[in-house]
Amino acid sequence: MRAICATGMVIALFFCVSCAGTGLATPEAKSYEVVGSDELSPSTGRTARHWRIVSESSTFDEHAHTVARAAIDLQHEHGLDLTHVSLYPSRSLAGSGVMYGYGFYATDGRAGQGLSGADPDYRATWRVFAADRVLTSEELAVAELWMERAADFPSTDMLSSLAVDADALRGHIAEELGVPYEDVELPHLRLELWLEVLE
């Protein structure tokens, strides 16, 4: 009987912690690892932080649920007004534009208000985007090499807004991986809206 009661208490505790008062279910969330974070400084005095995570998530719902789960967990742990989370394919891509998902949880319903470039009239508690797939092994190898070697190939075109000589970098990656030059592109994953809760 004691074992049954203890099991019931563990299940109840897990349910309470997993929802963390948000009412948002994330049954398909996968385990994740925080690989970095940056403090954000809204001009309004709100507390905010951007977290970078990696996970073994592989589908649209898994990516989205993992972003939301991390936002709930991190907000619960740190008590921030705004918790922003970005999900990356690997540690070496953390901070790049190659993501599996991203989103925010604003406990005060003020979205990104006070941050540079944020719409001051936009009010939301949640907004989460996710990709519907993962990178292929070749795409992942290209993306990781692109991030690792980009600094070695600075742009020589003074009129270009790009900091990287993409043609030279593509040639280098193609040679290193033994793939055709035409197949070397920095992958772009289309991210779709999974959830938006407006205030």
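Since this is a predicted model, take the numbers as computed values, not measurements. (Residues numbered from 1 in each chain as written. Predicted model: local features only at pLDDT ≥ 70, side-chain atom pairs only at ≥ 80, totals over all residues. Heavy atoms only, no water.)

## What to know about the confidence of the model for the protein
In the predicted model, the protein carries a mean pLDDT of 89, and 87% of its residues have values of at least 70. Scored below 50 in pLDDT, residues 1-20 makes nine contacts in the model with residues more than four places away or belonging to other chains. (pLDDT = per-residue confidence, 0-100. Contact = heavy atoms within 4.5 Å.)

## Notes on the pattern of salt bridges
Scanning the model with the defined rule gives eleven salt bridges in all. Between E62 and K30 there is a salt bridge, with its nearest N and O atoms 3.7 Å apart. One end of the pair, E62, is in helix α2 (residues 60-78); the other, K30, is in the loop between α1 (2-19) and β1 (32-40), with 32 residues separating them in the sequence. You can call E62 buried: its relative accessible area is 13%. For K30, a relative accessible area of 36% gives the class partly exposed. The residue R52 makes a salt bridge to D38 at a minimum N-O spacing of 2.4 Å. Taken together, the positions of R52 in strand β2 (residues 48-55) and D38 in strand β1 put the pair 14 residues apart, joining distant regions of the chain. Overall, R52 belongs to the buried group, its relative accessible area being 15%. Accessibility expressed as a relative area gives 38% for D38, which makes it partly exposed. (Salt bridge = Lys/Arg side-chain N within 4 Å of Asp/Glu carboxyl O. Helix = DSSP H or I, 4+ residues; strand = E, 2+ residues; numbered from the N terminus. Buried < 20%, exposed > 50% of the residue type's maximum accessible area, 1.4 Å probe, protein only.)

## Some points on the packing of aromatic side chains
Within the structure shown, the criterion is met by two aromatic pairs. The ring of W51 carries R49 above its face, with NZ or CZ at 5.5 Å from the centroid. R170 extends its terminal NZ or CZ atom over the ring of Y181, reaching a point 4.1 Å from the ring centre. (Phe/Tyr/Trp six-rings, centres within 6.5 Å; stacked < 30°, edge-to-face > 60°. Lys NZ or Arg CZ within 6 Å of the ring centre and 35° of its normal.)

## Some remarks on the packing of helix α3 (residues 137-149) against helix α4 (residues 166-177)
With their axes 10 Å apart at the nearest point, α3 and α4 run at an angle of 125 degrees to one another. Here α3 lies oblique to α4, going by the angle between them. Classified by chirality, the crossing of α4 by α3 is right-handed. Facing α3, whose interface residues are A141, V142, L145, W146 and R149, α4 presents A166, L169, R170, H172, I173, E176 and L177. Looking at the contact of α3 with α4 residue by residue, the class counts come to eight nonpolar, one polar and three charged. (Axes fitted to C-alpha atoms, helices over the stretch in contact; angles between N-to-C directions. Parallel < 35°, antiparallel > 145°, perpendicular 65-115°, else oblique. Left-handed = near helix turned anticlockwise from the far one by under 90°. Nonpolar A, V, L, I, M, F, W, Y, C, P; charged D, E, K, R; others polar.)

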